[in-house]
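Coordinates in review
Residue-level listing of the chains:
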Amino acid sequence: MTPAGGSAMTGEVRIREAERRDLEALAALWLEFMEFHASRDADLAVCDGAEGHWKKWAAGKMESRDSVVAAAERNGRTVGYAVATIKERSPVFKRRRYGEIMETAVTADARGGGIGSRLYDFVMSWLKRKDVDWAWLEVAAKNETAGEFWERKGFRPFLETHQRDI
Ligand SMILES: CC(C)(COP(=O)(O)OP(=O)(O)OC[C@H]1O[C@@H](n2cnc3c(N)ncnc32)[C@H](O)[C@@H]1OP(=O)(O)O)[C@@H](O)C(=O)NCCC(=O)NCCS
């Protein structure tokens, strides 16, 4: 494991807010991320044309003041990204406002070098600057890699989604 500040083996990593010009590269990472999930659970497979839907969704997140899209760049190549957004729960709850970390992915050949951690630090700092003091995320039950990552970041299981065919 290389230090979280960069990767001596493969070049410096820069984390920055993504812009519209990044959408193509981010969509390619998103597709890789979704294929990773679909290979573990067919109910996470995406439809034809999904990339176009995702690009519209991501562009909206880039434009929203309540969301952030972070991109990780190494040697001019986009190697990871993360999306977080601020949400509010129903008024019935005492604690309502939270930040949802919606997507975090690092391309396969760049994993294990601290890039996921740096994307995480970037979106958490952004949430803190927005006075958000609680963070949530969903993890696919069959994603064997992510549980450990989030556990190391201090997340504990909270709500679980259960499903079945009818
Ligand atoms: C999860 C993911 C974003 C982590 O990114 P990364 O750059 O590989 O993570 P880092 O190198 O910053 O690792 C951070 C910590 O998590 C641990 N970790 C990361 N991947 C791990 C794995 N597959 N198994 C066990 N621990 C892992 C590291 O050991 C490290 O621990 P440390 O801080 O105690 O040294 C990346 O593996 C990924 O994109 N996976 C596929 C998509 C995905 O699952 N995304 C999350 C969806 S919720």
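Above this text sits the structure in question.
Residues numbered from 1 in each chain as written. Predicted model: local features only at pLDDT ≥ 70, side-chain atom pairs only at ≥ 80, totals over all residues. Heavy atoms only, no water.

Here we come to the site of the ligand. What surrounds the ligand is a group of 21 residues, the closest being Gly112, Gly116, Ser117, Asn143 and Arg152. A distance of 2.7 Å separates an oxygen atom of the ligand from a polar backbone atom of valine 106. One of the side-chain nitrogen or oxygen atoms of asparagine 143 is found 2.6 Å away from an oxygen atom of the ligand. Contact with the protein chains hides 79% of the accessible area of the ligand, taken as 900 Å² for the molecule alone. Counting residues per element, the ones that place at least two in the shell around the ligand are helix H1 (23-38), strand S4 (97-106), helix H3 (115-129) and helix H4 (146-152). It is H4 that contributes the most residues to the shell around the ligand, five residues altogether. Within the shell around the ligand, the residues separate by chemical class into nine nonpolar, eight polar and four charged. (Near = heavy atom within 4 Å. Polar contact = N/O pair within 3.5 Å; in protein donor to acceptor, adjacent residues only side chain to side chain. Areas by Shrake-Rupley, 256 points an atom, 1.4 Å probe, with all protein chains shown as cover. Helix = DSSP H or I, 4+ residues; strand = E, 2+ residues; numbered from the N terminus. Nonpolar A, V, L, I, M, F, W, Y, C, P; charged D, E, K, R; others polar.)

Strand order in the open sheet formed by five strands is S1-S2-S3-S4-S5, and the pairing between neighbours is mixed. Two strands lie at the open edges of the sheet, namely strand S1 (13-17) and strand S5 (135-136), each paired on one side alone. Here five bridges tie S1 to strand S2 (residues 67-74), and the two strands are oriented antiparallel to one another. The residue of S2 that forms the bridge with glutamate 17 is alanine 70. (Pairing = 2+ DSSP bridges.)

This brings us to the pattern of salt bridges. With the rule as written, the count across this model stands at 14 salt bridges. Salt-bridge contacts for glutamate 24 lead to lysine 55; the nearest nitrogen and oxygen are separated by 2.6 Å. Taken together, the residues span a long stretch of sequence, with glutamate 24 in helix H1 and lysine 55 in helix H2 (residues 50-63) at a distance of 31 residues. With relative accessibility at 52%, the residue glutamate 24 sits in the exposed group. Among the charged side chains, a salt-bridge network with shared partners connects Arg14, Arg16, Glu19, Arg21, Asp22 and Glu73. (Salt bridge = Lys/Arg side-chain N within 4 Å of Asp/Glu carboxyl O. Buried < 20%, exposed > 50% of the residue type's maximum accessible area, 1.4 Å probe, protein only.)

On to the nonpolar core. Within soluble globular proteins, side chains that are nonpolar generally end up buried alongside one another. Ranked by internal contacts, the top residues of the largest apolar core, which has 24 residues, are Ala72, Ile101, Ile115, Leu119, Val123, Met124 and Phe155. Counting only elements with at least two residues in this core, the list comes to S1, S2, strand S3 (77-88), S4, H3 and H4. Per-element accounting of this core gives the leading share, seven residues, to H3. In contact with methionine 124, not counting residues within four places along its chain, are Ile101, Ala135 and Phe155. Leu23, Phe33, Ala58 and Ala59 belong to the second largest nonpolar core, which has 18 residues in total. (Core = buried A, V, L, I, M, F, W, Y, C linked by side-chain atoms within 4.5 Å. Contact = heavy atoms within 4.5 Å.)

Bringing the packing of H1 against H2 into the picture now. Where H1 meets H2, the axes come as close as 10 Å, and the angle between the chain directions of the two elements is 120°. As summarised for this structure, H1 and H2 are arranged oblique, according to the angle between their axes. By crossing handedness, the relation of H1 to H2 is classed as right-handed. Only Ala50, Glu51, Trp54, Lys55, Ala58, Ala59 and Met62 of H2 make contact with H1, whose side of the interface consists of Leu23, Glu24, Leu26, Ala27, Trp30 and Leu31. Its residues placed into classes, the contact of H1 with H2 shows 10 nonpolar, no polar and three charged. (Axes fitted to C-alpha atoms, helices over the stretch in contact; angles between N-to-C directions. Parallel < 35°, antiparallel > 145°, perpendicular 65-115°, else oblique. Left-handed = near helix turned anticlockwise from the far one by under 90°.)

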